[in-house]
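# Commentary on secondary and tertiary structure
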Amino acid sequence: MFKKIEGGVCAPKGFRANGVHCGIRKNKIKKDLALIVADAECAAACVYTKNLVKGAPILVTQKNIENGFARAVIVNSGNANTCNEGGEEIAQQMCRLVEKHTGISAEDVIVASTGVIGQKLSIEPIANGMKELVGGLGNNSTAAAEAIMTTDTVKKEIALEFVIGGKVCRIGAICKGVGMICPNMATLLMFVTTDVNISPEMLQKALSADVVDSVNMLSVDGDTSTNDTFAILASGLAGNEKIDSENTDYSLFCTALHEVTTALCRMLAKDGEGATKLLECRVSGAKNKTDARLAAKSVISSDLFKSAMYGCDANWGRVLCALGYSGADLDVRKIGVAFRSAGGYLSVCKNGMGMDFSEEYAKTVLSADEISIEVSLNDGDFEATAWGCDLTYDYVKINGDYRT
């Protein structure tokens, strides 16, 4: 149903992007300013951090897309523009710079920032970098993806092609994350473009519904950031009949969106700060969806369990411990736990009780860089998946001197 293609946010019709180093970051080989522009007005939707401390760009973006439309996204890395005197004015100036250099109205710009909190951000390097940034606009999704990275070690982008109503449609995305990741939506920057013709109302509905089972099921360290923004622009240039109700086309679009967001969640978890392993907890047999989500998220958020995974220790008791305080309604006497990876499959718990297993074989299973924790609650028909990573010495090293 979905074909993976190249192009990231530039794969859908009507979008161009670029990323450059403008001087916010001292390291001149690291890009720090990204821009995505659309050739025509787009339906727009966003979700933001639930942290009461919010970055100034979020306040500006919320005002700019009140009408449900936008045409550009500008993002800087290296400075969060949060808790800064005059921060909102800086974010507005960034939007005005887009208008000056592209002709796109400042009120049609989504603006975002990521980096250190509480440091002053000057508009000067951004202004100086705009000519190069706009001049290089084209099929440069990768450059934009690189420009929004902070402690990410790899860029994160994806694009898919599918058919709606006989029309070829595309959806693409870039994102960054790796630290301060425990979304409620959300703890990251994620920008999605699509050429699907969909109304702003249905786009927002699709996005708000999707995050519940995608980015809100992601945790690296339990910290919810201040600048998290997930924005989507839909150009409508695919030519499908406009999606303005919850019909079959809407369902297909939601499925495509979820394919993109869950793929990015896996990338974000695997590249968590200091991480060596992707952890995916799949819970089945829950009484309801809420219980399934609570159980899965609790397991991948447990520091004790994350540490055990780093040490290749099949300490399944930490899984049950996390399930027990998750808040989910469950019967401990029915729980089963198993680990699965490229190294094999290992069942460690049945009916809430331990099973004999080889520690040597367990180490083989848990030495893989992607590990699935399969939890069977055996008490219903609902399931959920959450993503996280192991907890390593390097996480502390990275955050011990993040600012300095």
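In what follows, the accompanying structure is described.

Criteria and cut-off values
- Residues numbered from 1 in each chain as written.
- Predicted model: local features only at pLDDT ≥ 70, side-chain atom pairs only at ≥ 80, totals over all residues.
- Heavy atoms only, no water.
- Helix = DSSP H or I, 4+ residues; strand = E, 2+ residues; numbered from the N terminus.
- Buried < 20%, exposed > 50% of the residue type's maximum accessible area, 1.4 Å probe, protein only.
- Lys, Arg positive; Asp, Glu negative; His and termini not counted.
- Salt bridge = Lys/Arg side-chain N within 4 Å of Asp/Glu carboxyl O.
- Polar contact = N/O pair within 3.5 Å; in protein donor to acceptor, adjacent residues only side chain to side chain.
- Contact = heavy atoms within 4.5 Å.
- Pairing = 2+ DSSP bridges.
- Axes fitted to C-alpha atoms, helices over the stretch in contact; angles between N-to-C directions.
- Parallel < 35°, antiparallel > 145°, perpendicular 65-115°, else oblique.
- Left-handed = near helix turned anticlockwise from the far one by under 90°.
- Nonpolar A, V, L, I, M, F, W, Y, C, P; charged D, E, K, R; others polar.
- Arc of directions from axis to C-beta.
- Core = buried A, V, L, I, M, F, W, Y, C linked by side-chain atoms within 4.5 Å.

## Digging into the side chain of Asp 210
Locating Asp 210 in the fold gives a position in helix 5 (residues 200-213). The side chain of Asp 210 sits in the buried core without any salt bridge; Arg 293 is the nearest counter-charge, 10 Å away. A polar atom in the side chain of Asp 210 sits 2.8 Å from the side chain of His 258. Ignoring anything within four residues of it in the chain, the contact list for Asp 210 reads Cys 254, Leu 257, His 258 and Thr 261.

## With respect to the sheet that holds strand 13 (residues 353-354)
Taken in spatial order, the six strands make up an open sheet running 13-12-11-14-10-15, and their pairing is mixed. Two strands in the sheet have a free side with no partner beyond their single neighbour: strand 13 and strand 15 (382-389). The strands that helix 6 (residues 248-270) touches are strand 10 (278-286), strand 14 (370-376) and strand 15; relative to strand 15, the one it contacts most, it runs at about 35 degrees. Here helix 10 (residues 359-366) sits on the sheet and contacts strand 11 (336-341), strand 12 (344-350) and strand 14; the angle it forms with strand 12, its principal contact strand, is near 120 degrees.

## Comments concerning the packing of helix 2 (residues 87-102) against helix 3 (residues 124-135)
Contact geometry for helix 2 and helix 3: axes closest at 10 Å, N-to-C directions at 40 degrees. Judged by the inter-axis angle, helix 2 sits oblique to helix 3. Crossing hand, helix 2 versus helix 3: right-handed. Taking contact as the criterion, the partners of Met 94, Leu 97, Val 98, His 101 and Thr 102 in helix 2 are, on helix 3, Ile 126, Ala 127, Met 130, Lys 131 and Val 134. Here the residues of the contact of helix 2 with helix 3 are counted per class, giving seven nonpolar, two polar and one charged.

## Focus on helix 3
Those residues of helix 3 that fall on the buried side of the exposure criterion are Pro 125, Ile 126, Gly 129, Met 130, Leu 133 and Val 134. Looking straight down helix 3, one finds that the buried residues subtend no more than 145 degrees of arc, so they occupy a single side. In helix 3, the exposed positions angled more than 90 degrees off the buried face are occupied by Glu 124, Asn 128, Lys 131, Glu 132 and Gly 135. Packed against the buried residues of helix 3 are strand 2 (15-20), strand 3 (33-48), strand 4 (69-77) and helix 2.

## Here's the deal with unusual backbone geometry
Even without being glycine, Cys 83 reaches a positive phi, approximately 60 degrees. Inspection of the secondary structure assignment puts Cys 83 in the loop between strand 4 and helix 2. Although it is not a glycine, Cys 312 adopts a positive phi angle of roughly 55 degrees. Among the structural elements, Cys 312 can be located in the loop between helix 8 (303-310) and helix 9 (317-324).

## Digging into the environment of Thr 392
By the element assignment, Thr 392 lies in the loop between strand 15 and helix 11 (393-400). What makes Thr 392 buried here is its relative accessible area of 6%. The spacing of Thr 392 and Ser 358 is 34 residues in sequence and 25 Å in space, taken between C-alpha atoms. Among all residues touching Thr 392, those that are not within four sequence positions of it are Gly 274, Ala 275, Thr 276 and Tyr 310. One polar contact links the side chain of Thr 392 to the main-chain carbonyl oxygen of Gly 274, over a distance of 2.6 Å. In terms of polar contacts, Thr 392 uses its side chain to reach the backbone amide nitrogen of Asp 394, at 3.2 Å.

## Quick notes on the nonpolar core
Grouped together as the largest cluster of nonpolar side chains are 77 residues, with contacts concentrated most on Met 190, Ile 198, Phe 253, Phe 339, Ile 373 and Val 375. Looking at which element gives the most residues to this core, the answer is helix 6, with 10 residues. The residues contacting Met 190, other than those within four sequence positions of it, are Ile 174, Cys 175, Val 215, Thr 229, Phe 230, Ala 231, Thr 261, Leu 264 and Leu 268. Counting residues in hydrophobic clusters, the runner-up holds 27 residues, among them Cys 10, Ala 38, Cys 42 and Ala 112.

## Side note on the pairing of strand 12
Where strand 11 meets strand 12, five bridges bridge the pair, whose relative direction is antiparallel. Among the inter-strand pairings, Arg 340 is bridged to a residue of strand 12, identified as Tyr 345. If you look at the hairpin formed by strand 11 and strand 12, you'll find two residues sitting between the two strands. With two bridges joining them, strand 12 and strand 13 adopt antiparallel strand pairing.

## Describing the pattern of salt bridges
As enumerated under the stated definition, the model contains 21 salt bridges in all. Between Glu 280 and Arg 266 there is a salt bridge, and its shortest N-O distance comes to 2.8 Å. Of the two residues, Glu 280 sits in strand 10 while Arg 266 sits in helix 6, which places them 14 residues apart along the sequence. Among the charged side chains, a network of salt bridges with common partners joins Arg 266, Lys 270, Glu 280, Arg 282, Asp 369 and Glu 370.

Shape is all these values report; function is a separate question.
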